[in-house]
Amino acid sequence: MTQDELKALVGRAAIDYVVPGTVVGVGTGSTVNCFIDELAKIKDRIAGAVSSSQKSTERMQALGIKVLDPNTVESVPVYIDGADEIDRGGHMIKGGGAALTREKIVADIAERFVCIADASKLVDTLGGFALPVEVIPMAAGQIERRLRALGGEPRLREGVVTDNGNVILDVKGLSITDPAALEAEINQWPGVVTVGIFARNKASVCLLGTPEGVRKLEF
């Protein structure tokens, strides 16, 4: 199966986690786009969706899915999103699509995080994928220096401005053996909006697309 076919497979499987009559949290990225296409088929059975990016909002609205302001939603039963990496404890690296802050906001109001990904995203230790950090522009130089002191190799993501008007530093060279501790460390630095480690808001379930079908991991 191609990678696109694997993404479609888990996108369909995630529909089983949607609670009828409720608001659904919807993430960002190519795998989530497959889920959105499936969600459109049952749009009359849900109360609407909250979205983690402008791109996902536009796609859902084009398909007739009602998108709500997260400020009007106290909680959602489930948040469906992809990951750039996920380890065997359900911790993730996210932010390849530059939506990490809004993804973390929606994940934080969700009772469950269902990660959908192809099997190549499952790793033993996070860090093979460059860690995204959303930064207020005036702090970028200072945050780069701090990341180098941790042993990382940060680079500004050229030509990218987030939906929040900030920049992204992508950090290579880190072996993230304690995701929760590193998330807490980087998040406290002045100028950091969000680091793309999802440990506090880790996955409850991961649906992995494999050539043999969908593999379910629970954490």
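Residues numbered from 1 in each chain as written. Predicted model: local features only at pLDDT ≥ 70, side-chain atom pairs only at ≥ 80, totals over all residues. Heavy atoms only, no water.

**Student:** Can you tell me about the sheet that holds strand E11 (residues 192-195), naming the residues and giving the values?
**Tutor:** Spatially, the four strands line up as an open sheet ordered E9-E10-E8-E11, and their pairing is antiparallel. Only two strands of the sheet have a single neighbouring strand rather than two, namely strand E9 (153-156) and E11. Across the sheet, the mean angle separating the axes of adjacent strands is 25° when strand polarity is ignored. Here helix H4 (residues 100-108) sits on the sheet in contact with strand E8 (131-135), strand E10 (167-172) and E11, set at roughly 70° to E11. (Pairing = 2+ DSSP bridges. Helix = DSSP H or I, 4+ residues; strand = E, 2+ residues; numbered from the N terminus. Axes fitted to C-alpha atoms, helices over the stretch in contact; angles between N-to-C directions. Contact = heavy atoms within 4.5 Å.)

**Student:** Can you break down the sheet that holds strand E3 (residues 67-68) residue by residue, with the values?
**Tutor:** An order of E3-E2-E1-E4-E7-E13-E14 is seen for the seven strands of this open sheet, with the pairing classed as mixed. Among the strands making up the open sheet, the edge pair consists of E3 and strand E14 (213-218). With four bridges connecting them, strand E1 (residues 23-26) and strand E2 (residues 48-51) associate as parallel partners. If you follow Val 23 over to E2, its bridge partner there is Gly 48. Strands in contact with helix H3 (residues 54-62) are E1, E2 and E3; relative to E2, the strand with the most contacts, it is inclined by about 160°.

**Student:** I'd love a proper account of the packing of helix H1 (residues 3-13) against helix H2 (residues 30-39), names of residues and values included.
**Tutor:** The relative placement of two packed helices is expressed as an angle between their axes plus a distance between the axes. Where H1 meets H2, the axes come as close as 8 Å, and the angle between the chain directions of the two elements is 50°. Between H1 and H2, the angle is such that the two are oblique. Regarding H1 and H2, the two cross each other, and that crossing is right-handed. The residues of H2 that touch H1, namely those facing Lys 7, Ala 8, Val 10, Gly 11 and Arg 12, are Ser 30, Thr 31, Cys 34, Phe 35 and Glu 38. For the contact of H1 with H2, the residue count by class is four nonpolar, three polar and three charged. (Parallel < 35°, antiparallel > 145°, perpendicular 65-115°, else oblique. Left-handed = near helix turned anticlockwise from the far one by under 90°. Nonpolar A, V, L, I, M, F, W, Y, C, P; charged D, E, K, R; others polar.)

**Student:** Give a description of unusual backbone geometry that names residues and reports values.
**Tutor:** Backbone geometry places Ala 98, a non-glycine residue, at a positive phi of 70°. Along the chain, the position of Ala 98 falls in the loop between strand E6 (92-93) and H4.

**Student:** Which residues make up the packing of aromatic side chains, and what values do they have?
**Tutor:** Per the counting criterion, the structure on display carries two aromatic pairs. Between Tyr 79 and Phe 113, the ring centres sit 5.0 Å apart and the planes meet at 80°, which makes this aromatic pair edge-to-face. A residue pair is termed long-range when its members are at least 10 positions apart, and Tyr 79 in strand E4 (residues 76-81) and Phe 113 in strand E7 (residues 110-118) qualify at 34 residues. Assessed through its relative accessible area of 0%, Tyr 79 is described here as buried. Ring plane angle 80° and centroid distance 6.4 Å describe the contact between Phe 113 and Phe 198, whose orientation is recorded as edge-to-face. In this pair, Phe 113 sits in strand E7 while Phe 198 sits in strand E12 (residues 197-198), placing the two residues 85 residues apart along the sequence. The exposure class assigned to Phe 198 is buried, which follows from its relative accessible area of 0%. Against the face of Phe 198 rests Lys 94, its NZ or CZ located 5.5 Å from the ring centre. It is Lys 104 that lies over the ring of Phe 198; its NZ or CZ is 4.8 Å from the centre. (Phe/Tyr/Trp six-rings, centres within 6.5 Å; stacked < 30°, edge-to-face > 60°. Buried < 20%, exposed > 50% of the residue type's maximum accessible area, 1.4 Å probe, protein only. Lys NZ or Arg CZ within 6 Å of the ring centre and 35° of its normal.)

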